[in-house]
Every structure is written in C-alpha cells, then in structure tokens.
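Structural description and commentary
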Amino acid sequence: MKIWLDGGLQDMESARVSVFDHGLTVGDGIFETVKAVDGRPFALTRHLDRLTRSARGLGLPDPDHDEVRRACAAVLEANPMPLGRLRITYTGGHGPLGSDRGEHGPTLVVAVGATTRRPDSTAVITVPWTRNERGALTGLKTTSYAENVVALARAREQGASEALFGNTVGQLCEGTGSNVFVVLDGEIHTPPLASGCLAGITRALAIEWTGAEETDLPLDVLERADEVFLTSTLRDVQAVHRVDGRELPGAPGPVTAKAMRIFEERSGDDLDP
Ligand code: PLP
C-alpha cells in the first residue's frame, strides 16, 4: 500500500510522521474522506473547498489544491480498487509540546482504503451528549473526533451503525459521520448549518437534487417522522429502519427510496458535481 507524504508516494509500512506532530498531540488537524469509484474521486472539488474552509477555521495555511489533487491521483493509481475511501489528513505539523503552533509547515498525508457499499437501511440511536452549535470548531472537519468515536461505540453496543446528536438547544443536529434527514407529510427536511452540523457534501447534493428544506427540528421529531435517512460520503443516501426503540418498518419508505434513486443516478452521471 502506497500513501502520499512529504510531497511524494511512500510505502505505508515505512512512512513516518513526527511523534510531536500536532495532529497527534493536540488534534490540530483537519481531514476529508473522499469516495473513489474505479480509481476516480467523487466530488473532489467540493471536498477541497471544504478542506480550505476547515484550514482557515483553524488558522492553518491554505492547502495547495494542485498538490492534493496530484496526491489523490497518485495514491489511487498506485492502489487500484473498485470502491475506495481516500483519506486526506492535513495537520499543523510537528512542533514543541503544548498548544502553540510550531514553525514547521503542515503535514499532508493522503491514503486510501478499500470500502464496500453500505446496506440500504440501518439502525441508529440518539445519544445524550450535545453538539455545540457555537463552538470554535463548529462546522470544521477537524481530526478532533474523539466525541464521535465515543458516540459510535455506544451505537455499536446497541446494534446500531450511527449515533445522532442534538445540539445545546434541543434541536436535531447530525450523526458522528453523517447528516440526518426526516420526511414529514411527504416533505424532506434536514437541520440547517446553524444547528452545528457539518456542511456535508452528500447533504448539499441531496438538498440540491431532492429540494429538501433546511428546517429547525426538535430532537423528538425522530419519534414521529414518517421516514428518516442519513447522508454521507460512505453511505450515500441510507434509509433508517430503527431509531432507538422505534421501528420504521418498510424502510426505505417511498420518499427515501426516491432520494436514493436520484442520488445514484445523478452521482453516476457526474463525478465532480
Ligand atoms: N457530519 C460529520 C460529523 C461527518 O464527519 C461527516 C462525514 O464524515 C458528515 C456529517 C457527512 O459529510 P459528507 O457527506 O461530506 O461525507
């Protein structure tokens, strides 16, 4: 397996970053997960734009899009696979212990792993912890993911594949690695970015392609929604058949099934929508 580090391809087994890299010591880093179909990245322009927004939010130098594109192409060419997940990691680089930034430039790593298509439907839980809709890192895709790791572990313990968070004012927000949509009276709704959720790329495409509305939704909307679905790079559009103890029989319901179909068709037509 070859990865991109320090401006070129390296063997994964021997590639090394400093143990004092601030991505490791203080979580000062950002990332993107990009789907790759038959060796070609999906929606890379949108991912690069979000990478830059995250970098600016953290005060990191703008990533060089040309380099990241070259890195993705090189990694995909060196590791052929039918369905892959590119992982672009960009950190503050190595520096002194503590939270100040060092003088060294950022670290860029691009790796790829094989993945598989997700099932059409899944179970989710809600967790009692909240997303902060007004934090310094809100909306940034940072490597500080420990809260998501904890919530996902809770979901797995309960036979679910995703955990959904509310925010500090009791509104529905997002999952550990996905955005959430609900269907009410035939209309599709998803929490607005002001809820504190990540500006998911699949979310944006689903809104554009299905006409879903961005709506403030109380967390308990999950107890009455006719249908619920998730969006993410690795799930695409995925129906939810159980939320906590509530079964949603027949998932994907008709509105979700249509959204899944639209997403599959449109994303197959255009690799960089
Ligand atoms: N929300 C969070 C917290 C995420 O980590 C992700 C993706 O990893 C998403 C939402 C979905 O975003 P995207 O559709 O860009 O994969």
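Since this is a predicted model, take the numbers as computed values, not measurements. (Residues numbered from 1 in each chain as written. Predicted model: local features only at pLDDT ≥ 70, side-chain atom pairs only at ≥ 80, totals over all residues. Heavy atoms only, no water.)

Bringing the domain arrangement of the protein into the picture now. Accessible area lost on assembly of the parts is the figure often given for the size of an interface. Domain parsing of the protein yields domain 1 (2-114) and domain 2 (121-269). Distance between the C-alpha centres of domain 1 and domain 2: 26 Å. In this assembly, 22 residues from domain 1 lie in contact with 19 residues from domain 2. With both sides pooled, the region where domain 1 packs onto domain 2 buries about 1,600 Å², and carbon together with sulfur makes up 63% of that total. Contact with domain 2 buries surface across domain 1, with F31, R46 and R50 losing the most and accounting together for 37% of the total. Our count for the domain 1 to domain 2 interface comes out at two salt bridges. (Domains from an automatic or database assignment. Contact = heavy atoms within 4.5 Å. Buried area = accessible area lost by both parts, 1.4 Å probe. Salt bridge = Lys/Arg side-chain N within 4 Å of Asp/Glu carboxyl O.)

For the rest of this paragraph, the subject is helix α2 (residues 44-58). In an α-helix there are 3.6 residues to a turn, and that puts residues three or four apart on one side. Between its first and last C-alpha, α2 extends 21 Å over 15 residues, near the 21 Å set by a 1.5 Å rise per residue. Three or more residues of α2 are buried, namely L44, H47, L48, R50, L51, T52, S54, A55 and L58. Contact partners of the buried residues in α2: β3 (29-37), β4 (40-41), α3 (65-78), β5 (83-91) and α5 (201-210). Just downstream of α2, G59 is the residue with a positive phi angle, here 80°. (Helix = DSSP H or I, 4+ residues; strand = E, 2+ residues; numbered from the N terminus. Expected span 1.5 Å × (residues − 1). Buried < 20%, exposed > 50% of the residue type's maximum accessible area, 1.4 Å probe, protein only.)

Let us look at the packing of α2 against α3. Running from N to C, α2 and α3 point in directions that differ by 130°, and their axes come no closer than 11 Å. Considering the angle they form, α2 stands oblique to α3. When you trace α2 past α3, the crossing you get is right-handed. Residues L44, T45, L48, D49, L51 and T52 of α2 pack against H65, V68, R69 and C72 of α3. Tallied by class, residues from the contact of α2 with α3 come to five nonpolar, three polar and two charged. (Axes fitted to C-alpha atoms, helices over the stretch in contact; angles between N-to-C directions. Parallel < 35°, antiparallel > 145°, perpendicular 65-115°, else oblique. Left-handed = near helix turned anticlockwise from the far one by under 90°. Nonpolar A, V, L, I, M, F, W, Y, C, P; charged D, E, K, R; others polar.)

Compared with an ideal rise of 1.5 Å per residue, which puts 14 residues at 20 Å, α3 spans 20 Å between its outermost C-alpha atoms and is within 8% of the ideal. Those residues of α3 that fall on the buried side of the exposure criterion are V68, A71, C72, A74, V75 and L76. Where α3 starts, the residue carrying a side-chain oxygen 2.9 Å from the main-chain nitrogen of D66 turns out to be D64. (Polar contact = N/O pair within 3.5 Å; in protein donor to acceptor, adjacent residues only side chain to side chain.)

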